[in-house]
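Working through the structure, step by step
Each chain, written out:
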Amino acid sequence: MEADGFVRKRRMTAETAGSDAGVAGASAGAEVRWLGGRFWGVSESIVSSLTPRIGGESQLQSVDVVCAAQDAQTEDLDLDYEGLPQGASTSTHMLAGAVAGIMEHCLMFPIDCVKTRMQSLQPDPAAHYKNVMDALRRIVAAEGVWRPLRGLNATAIGAGPAHALYFASYEKLKKTLSDTIHPGANSHLANGAAGCVATLLHDAAMNPTEVVKQRMQMYKSPYRGVLDCVRAVWQREGPAAFYRSYTTQLTMNVPFQVLHFMTYEYLQELLNPHRLYNPSSHMLSGALAGAIAAAATTPLDVCKTLLNTQESHALSSSSQSQGAHRQISGLVHAFRTVYRLGGLQGFFKGVQARVIYQMPSTAISWSVYEFFKYGLTKHQHNNMRIQHIKAEG
């Protein structure tokens, strides 16, 4: 009896939340206000508490060498932060990566919402959109100004640790492999291999967030909020549902990140050969690398979206044609479903929105990451010099 009551209650909740745009808008507005308060309330304390500890005892061993190589006449020159790996600790990369990831996902979240909806294989007639701007305009007009931001707080919570692991592991492995494969120079093979490993860690942390985010982004999403979505998915489909698309995500993101990192590093060699802090080169290289990688991996992204959302129309079509399947599981099943419902064109649904999302997204990510890495490394380097001067005095 309690189970029947719970099912009836869930059905009533789904009908109410699916039809009431005001409830969805209020929920999204609350998420944004919560996120803003949390982020700005703790950012200053995080930076102030971490920056003094960046580096560590292992870096202090190199102070004598660094200080001996510089004299008073070079103090005003720009810091070659790529040339000082001793000053850029793992903590630096993790903090810079976390901030970059949160900003990237939060600033581009409305476009991400549009991409998710445009990848729907059999959308509701009211959710047919001509292009990205048409989708944004109609979503805001019909469902409220906050509707494109639903699920933002879940994304911000997941993006921080995911990108901290992502950038820290990439920088560490890139340096280690480059020194092994091509000592003293950049190695594209090392960049690609480091990107693959970084992707494994990033996706392991980010995949549950992607499931929740995309389900809340869909048209007429029945969930009241992030916790309601997590609870419903856990109870109906089990904990495995949060990693149903993990292999597909890896299949997509490994080639995506290989293309992304190799293109970015190649463009940096052309635009910024001395690897100085150059915001314009970081933004341009990041944008072009993101666009190329996004366009090439769109078919896999469509399959990932289908696995994450378990779109009701696609499920009903799949069950009619195959009988036993009540859920879409696995990359092969997703590929067959996309092809049956959309043909070859179905694999490129939302490609425009995906490229428009990824270009500024990767530009923001790289420029913010490089900025924080430069600032934190320079801060730590100056502290090390001051400590050395005091010790000698």
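Residues numbered from 1 in each chain as written. Predicted model: local features only at pLDDT ≥ 70, side-chain atom pairs only at ≥ 80, totals over all residues. Heavy atoms only, no water.

Thoughts on the overall build of the protein chain
- The helix and strand inventory of the protein chain stands at 16 helices and zero strands.
- Here the protein chain, with 393 residues, has 50% of them falling under the buried criterion.
- A separation of at least 24 residues holds for 80% of the contacts in the protein chain among residues at least 6 apart in sequence.
- Carbon and sulfur atoms provide 63% of the accessible area of the protein chain, an area that totals close to 18,500 Å². (Helix = DSSP H or I, 4+ residues; strand = E, 2+ residues; numbered from the N terminus. Buried < 20%, exposed > 50% of the residue type's maximum accessible area, 1.4 Å probe, protein only. Contact = heavy atoms within 4.5 Å. Areas by Shrake-Rupley, 256 points an atom, 1.4 Å probe, with all protein chains shown as cover.)

Examining the packing of aromatic side chains
- With the rule as written, the count across this model stands at 15 aromatic pairs.
- Aromatic pair Tyr166 and Phe261: ring centres 5.6 Å apart, planes at 35 degrees, arrangement tilted. In this pair, Tyr166 sits in helix H8 (residues 152-181) while Phe261 sits in helix H11 (residues 246-271), placing the two residues 95 residues apart along the sequence.
- Using a relative accessible area of 5% as the deciding quantity, one classes Tyr166 as buried.
- A centroid spacing of 5.1 Å and a plane angle of 35 degrees characterise the contact between Phe335 and Phe347, whose relative ring orientation is tilted. Taken together, the residues span a long stretch of sequence, with Phe335 in helix H15 (residues 331-346) and Phe347 in the loop between H15 and helix H16 (351-392) at a distance of 12 residues.
- Accessibility expressed as a relative area gives 8% for Phe347, which makes it buried.
- Through pairs of rings, three or more aromatic residues link up here, namely Tyr166, Phe167, Tyr170, Phe261, Tyr264, Trp366 and Tyr369. (Phe/Tyr/Trp six-rings, centres within 6.5 Å; stacked < 30°, edge-to-face > 60°.)

Structural notes on the nonpolar core
- Counting residues in each nonpolar core, the largest one holds 29 residues, and the members touching the most others are Ile111, Val114, Tyr129, Phe167, Tyr170, Trp366 and Tyr369.
- Within the residue set of this core, elements represented by two or more residues are helix H5 (90-107), helix H6 (109-118), helix H7 (132-143), H8, helix H9 (188-217), H11 and H16.
- Ala154, Met216, Cys229 and Val233 belong to the second largest nonpolar core, which has 11 residues in total. (Core = buried A, V, L, I, M, F, W, Y, C linked by side-chain atoms within 4.5 Å.)

Details of the side chain of Ser365
- Along the chain, Ser365 falls in helix H16.
- Overall, the relative accessible area of 5% leaves Ser365 in the buried class.
- Other than its neighbours up to four places away in sequence, Ser365 contacts Ala100, Glu104 and Phe167.

Here we look at H7
- In a regular helix each residue adds 1.5 Å, so 12 residues correspond to 16 Å; H7 covers 16 Å between its end C-alpha atoms and thus fits that length.
- Buried residues of H7: Val132, Asp134, Ala135, Leu136, Ile139 and Glu143, and no others.
- By the N-cap criterion, in which a side-chain oxygen at the helix start approaches the backbone nitrogen of a residue two or three places on, H7 is capped by Asn131, the distance to Met133 being 3.3 Å.
- One or two steps after H7, the chain reaches Gly144, where phi turns positive at roughly 105 degrees. (Expected span 1.5 Å × (residues − 1). Polar contact = N/O pair within 3.5 Å; in protein donor to acceptor, adjacent residues only side chain to side chain.)

A word on unusual backbone geometry
- Of note in the backbone geometry, Lys220 takes a positive phi value of approximately 60 degrees without being a glycine.
- Here Lys220 is to be found in the loop between H9 and helix H10 (226-237).
- In the Ramachandran plot, Arg275 falls in the positive-phi region, its phi being about 55 degrees despite a non-glycine side chain.
- Mapped onto the fold, Arg275 is located in the loop between H11 and helix H12 (279-296).

Some details on the packing of H6 against H9
- Two elements in contact, H6 and H9, have axes whose closest approach is 9 Å; the angle formed by their N-to-C orientations is 75 degrees. Here H6 lies roughly perpendicular to H9, going by the angle between them. On H9, the residues that touch Phe109, Asp112, Cys113, Lys115, Thr116 and Arg117 of H6 are Lys213, Gln214 and Gln217.
- Class assignment of the residues belonging to the contact of H6 with H9 gives a composition of two nonpolar, three polar and four charged. (Axes fitted to C-alpha atoms, helices over the stretch in contact; angles between N-to-C directions. Parallel < 35°, antiparallel > 145°, perpendicular 65-115°, else oblique. Nonpolar A, V, L, I, M, F, W, Y, C, P; charged D, E, K, R; others polar.)

Considering the pattern of salt bridges
- Scanning the model with the defined rule gives 20 salt bridges in all.
- Across the salt bridge formed by Lys174 and Glu265, the nearest N and O atoms sit 3.4 Å from each other. Taken together, the residues Lys174 in helix H8 and Glu265 in helix H11 connect sequence positions 91 residues apart. Both residues of the pair, Lys174 and Glu265, belong to the buried class.
- The salt bridge involving Asp301 is made with Arg354; its shortest N-O contact spans 3.5 Å. (Salt bridge = Lys/Arg side-chain N within 4 Å of Asp/Glu carboxyl O.)

A few points about a nonpolar patch on the surface
- Taken together, Tyr266, Leu270, Leu271, Leu284, Leu288 and Met359 make up a surface patch of nonpolar side chains, about 530 Å² in accessible area.
- The set of elements that each furnish at least two residues to the nonpolar patch consists of H11 and H12.
- Per element, the largest residue contribution to the nonpolar patch is three residues, and it comes from H11. (Patch = residues over 30% accessible without salt bridge, like charges linked within 9 Å, V, L, I, M, F, W, Y side chains within 5 Å.)

Notes on the environment of Thr116
- Following the sequence through the fold, Thr116 ends up in helix H6.
- The buried category is assigned to Thr116, whose relative accessible area is 0%.
- Thr116 sits 99 residues away from Arg215 along the chain, and the two C-alpha atoms are 9.1 Å apart.
- Every residue in contact with Thr116, bar those within four places of it in the chain, is listed here: Gln214, Gln217, Met218 and Thr305.

As for the environment of Ala127
- With respect to the helices and strands, Ala127 occurs in the loop between H6 and H7.
- Separated by 92 residues in sequence, Ala127 and Tyr219 have C-alpha atoms that sit 6.8 Å apart.

Some words on the side chain of Lys115
- Mapped onto the elements of the fold, Lys115 is located in helix H6.
- Classification of Lys115 by relative accessible area gives buried; the value is 2%.
- In this structure the side chain of Lys115 is engaged in a polar contact, spanning 3.0 Å, whose partner is the side chain of Asp301.
- Those residues within four positions of Lys115 in sequence are excluded, and the remaining contacts are Gln214, Asp301, Thr305, Gly350, Ala353 and Arg354.

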